[in-house]
Each structure stands twice: as C-alpha cells, then as structure tokens.
Amino acid sequence: MNVAQAKAAARSAGATVLAIDDEHYPALLRVIHDPPPVLYLRGDPGVLLEPHLAVVGSRRASAAGLRVAQALSGELVGAGLGICSGLALGIDGAAHRGALAAGGKSLAVLATGIDRVYPRRHRALAAQLEQAGCLVSEFPPGTPPLRQNFPRRNRIISGLSLGVLVVEAALPSGSLITARTALEQNREVFALPWSMLHDGGRGCLHLIREGAKMVQHVDDILEELGPLYAAQQHGSARGPRERDTRSVDSWLLALVGYEVVGLDELVQRSGQPVARVLGELSALELAGEVARTAGGYIRR
C-alpha cells in the first residue's frame, strides 16, 4: 500500500497518516533498523515528538505490580516525560492510566488497525488516550489482532521511547521481547527487583542480571536519562530538583558548528546512543545554543 492509499484508508477510519519522509515523523523511530514506512494516528500527532519512556509488563500482573506501574508512570509524567505502552491488559493499562491521572500524555501503540481496539474492554481507555495523547499503528485499518503482529508492535513501543521500564514480567514474557528490541535500538532498559520467590518478577531479575538498570525509585530512571531530564527541568519548574543544562552540553556542543549537521552524523561522531544524543540536543535547544533545521541542527 503506497502513501496515497494509506491516507485514503486512514480517512475512512477517521485517522491520519504520517509517512517516514515527513518532517514530523519521530526521529527516534526513524533511526531504528526497520522503521514503519507509515504510521496511522488518532489523537494529537505532536505527542509523538515529545520525550517518552516505555512502561511495559505482564498482562497477568499482580496487585502490587499494577500499583507500581501506575505510581511510577504518574511520577515520570511529573518529571516531564510521556508514557508509551501497548494498551494491553495488566501493566500496560495501569501505565496509561497513571499518566492520564497525573495530567500527562500517553502513547498507545496498537497491534491492530487504528480502528480496532484490543482488548475490547480497553475501548474507554483508548478513547481517553485519543483525547489526551495519541493512538498509533503501522497496520492498515481493519487489521485484526494477529499473533505475529504483537512482536512487531513491540519494536515501535521501544523505538518511540528513550528507554523501556519493565515493571513486572515472568519467564518467558513478551515484555522481554520489548526489552531486547530496546537494547538493539541502543535504548536504556530498566527493571524492578522483585523477590526471587515471585514467579511474576523473574523476567525482571533476569534483565537486571543481564545489565538492565535496577529501579527502586523514579530517580533511578531520571538520573540514567540525565540530559533529557535536565532539558525538562530547564523548561519547567516541576520535578524534584533543578539542574544546569550547560553542565551536560559541552561534548555535544563541540560537534555542532555553524553549518547544518544531521542526527546520524552526530551519533556517529559522538559514539553515543541516539537516545542520549537527542536528549542532549533537546537540552541545547532549550538553552538557545542550537537550532533545529530541515536538515539537522546548527549552532546559534
């Protein structure tokens, strides 16, 4: 299906289309190995350009897992991050609700067409997200919930985000697929340290053993994301502490000159993950040190 056909299909479903060559296509998603050529959207497309953390986990979550997912999502929203998840039962739903309850925005990436809500019991939640965030799918309208589409959906969840927080996951778990794709995309991975006696948390312990950042407090996430959190604090009075944007910008500022330089070149020259480079670029933009142009970035 070409872009014109995708736009026609989207209109019939009350949605819009964002093609990969559109300047508003999310930069983080564009640089993954296999970005979707088009995205079908319902809601506010501008939400895709804001910084997000993916919050995922078990569909059969424990009561404690649900509480933690909702609470952490609310705290992350308070620090200036949006929440990205998959609209599934369990942790996904709790994460979306936590973001909305805190007055924030949330992205829901669907494994169906943009006109289908799965599971059906989340239709009301999807309607809320459409009003205070955005629904996203790479699949044409009318696509049912097919088993093979869920792993493909997971790469978009991590691709749209600066990192992935796995709140609660057993072994094996679809959430571990999302964590693996996040690592392949050079994203940060976070996990909660559940007891070894909790079967539903063994996937998280596995991730921590493999190098994921252990999370016991929201600051464990914010400190790891560093430059992004600094950018948010520079532009907002919210959050637990203020940081000086200039304290994190020196190495990247030296790579941005008075001629336009693209994101790919900055990532290559810096040797840093794309998420970290984008976070520092956000800090530099807020500080008035660099400007974004059609071809990349330029020093002011």
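In short, a report on the structure. All figures in this text were calculated on a predicted structure; none of them were measured in a lab. All residue numbers refer to position in the chain's written sequence, counted from 1. The model is predicted, so local features are restricted to residues of pLDDT at least 70 and side-chain atom pairs to those at 80 or more, both for listing and for counting; the totals for chains, interfaces and linings are taken over all residues. With hydrogens and water set aside, each side-chain value is computed from the structure's full complement of heavy atoms.

### Examining helix α7 (residues 174-184)
Move 1: Within α7, burial applies to Ser175, Leu176, Thr178, Ala179, Thr181 and Ala182.
Move 2: Contact between two residues is taken to exist if any of their heavy atoms lie within 4.5 Å; hydrogens are not considered. To qualify as a helix, a DSSP run of H or I must reach at least 4 residues; to qualify as a strand, a run of E must reach at least 2; elements of each kind are numbered from the N terminus. Looking at the buried side of α7, the elements it contacts are β3 (52-56), α6 (149-159), β7 (163-166), β8 (188-191) and α8 (202-209).
Move 3: Any pair of nitrogen or oxygen atoms within 3.5 Å is treated as a polar contact; in protein, a donor-acceptor pairing is required on top of that, and neighbouring residues in sequence qualify only through side-chain atoms on both sides. Measuring from the backbone nitrogen of Ser175 back to the side-chain oxygen at the start of α7 gives 3.1 Å, which picks out Ser173 as the cap.
Move 4: Following α7 by one or two positions, Asn186 adopts a phi angle in the positive range, close to 60°. The cut-offs for exposure are 20% and 50% of the maximum accessible area for each residue type, with area from a 1.4 Å probe on protein chains only; residues under the lower value are buried, those over the upper are exposed, and the others partly exposed.

### Describing the layout of surface pockets
Move 1: Roughly 510 Å³ of volume is contained in the second largest pocket.
Move 2: In terms of lining, the second largest pocket is formed by 21 residues, of which the most central are Arg59, Phe150, Ser173, Gly174 and Ser175.
Move 3: The greatest single-element share of the lining of the second largest pocket, amounting to five residues, is contributed by α6.
Move 4: All residues other than Ala, Val, Leu, Ile, Met, Phe, Trp, Tyr, Cys, Pro, Asp, Glu, Lys and Arg, Gly among them, are scored as polar; the first ten of these are nonpolar and the last four charged. Tallied by class, the residues present in the lining of the second largest pocket amount to nine nonpolar, seven polar and five charged. Only protein atoms enter the calculation, which uses a 1 Å grid: trapped sets of points that fit a 1.4 Å probe without letting it out are cavities, open sets showing protein on both sides within 12 Å along at least five of seven lines are pockets, and any residue with an atom within 4 Å of a point is a lining residue. Grid points are joined across faces, edges and corners, and a volume is the space filled by probe spheres set on the points.

### As for the packing of aromatic side chains
Move 1: In this analysis, rings of Phe, Tyr and Trp, with Trp reduced to its six-membered ring, are considered paired at centre separations within 6.5 Å, and the interplanar angle assigns stacked below 30 degrees, edge-to-face beyond 60, and tilted for intermediate values. If you walk through the whole model with that rule in mind, you get one aromatic pair.
Move 2: Judged by centre distance (6.0 Å) and plane angle (65°), the ring pair of Tyr118 and Phe150 falls under edge-to-face. Remark: Phe150 occurs in helix α6 and Tyr118 occurs in the loop between β5 (106-109) and α5 (123-131); sequence separation between them is 32 residues.

### Things to note about the pattern of salt bridges
Move 1: The salt bridge definition used is simple: a Lys or Arg side-chain nitrogen within 4 Å of an Asp or Glu carboxyl oxygen. Within this structure, the stated rule accounts for seven salt bridges.
Move 2: Measuring nitrogen to oxygen at the nearest pair gives 3.9 Å for the salt bridge that ties Lys213 to Glu224. Of the two residues, Lys213 sits in strand β9 (residues 213-214) while Glu224 sits in helix α9 (residues 218-225), which places them 11 residues apart along the sequence.
Move 3: Judged by its relative accessible area of 31%, Lys213 is partly exposed.
Move 4: Arg269 is the partner of Glu265 in a salt bridge, and the nearest nitrogen-oxygen pair spans 3.3 Å. Here Glu265 pairs with Arg269, and both are found in helix α12 (residues 263-270), just four residues apart, close to one helical turn.
Move 5: Residue Arg269 is classed as partly exposed on the basis of its relative accessible area, which comes to 44%.

### A short note on the environment of Arg299
Move 1: With respect to the helices, strands and loops of the structure, Arg299 is situated in strand β11 (residues 296-299).
Move 2: The exposure class assigned to Arg299 is partly exposed, which follows from its relative accessible area of 28%.
Move 3: For the pair Arg299 and Glu289, spaced 10 residues apart in sequence, the C-alpha separation works out to 6.2 Å.
Move 4: If sequence neighbours within four positions are ignored, Arg299 has contacts with Leu253, Val256, Gly257, Tyr258, Glu289 and Val290.

### Re the environment of Ala254
Move 1: Tracing the sequence through the fold places Ala254 in the loop between α11 (250-253) and α12.
Move 2: Distance in space between the C-alpha atoms of Ala254 and Arg299 is 9.6 Å, their sequence separation being 45 residues.

### Some points on the sheet that holds strand β2 (residues 38-43)
What holds strands together in a sheet is hydrogen bonding between their backbones, with the strands either parallel or antiparallel.
Move 1: Within the open sheet, the nine strands sit side by side as β1-β2-β6-β5-β4-β3-β7-β8-β9. Their pairing is mixed. The outermost strands of the open sheet, each flanked by one partner alone, are β1 (16-19) and β9.
Move 2: Both strand β4 (residues 82-85) and β5 contribute to a ladder of three bridges, which runs parallel. Looking at the pairing, Ser85 lines up with Ala108 of β5.
Move 3: Each axis is a line fitted through C-alpha atoms, and for a helix only the stretch in contact is used; angles between axes span 0 to 180 degrees, taken between their N-to-C directions. Together, β3, β4, β5 and β7 form the strand contacts of α6, whose direction differs from that of β5 by roughly 160°.
Move 4: Contacts from α9 reach β3, β7, β8 and β9, with the element oriented near 170° to β8. Strands qualify as paired when DSSP identifies two bridges or more between them.

These results come straight from atomic positions and should not be treated as a statement about function.
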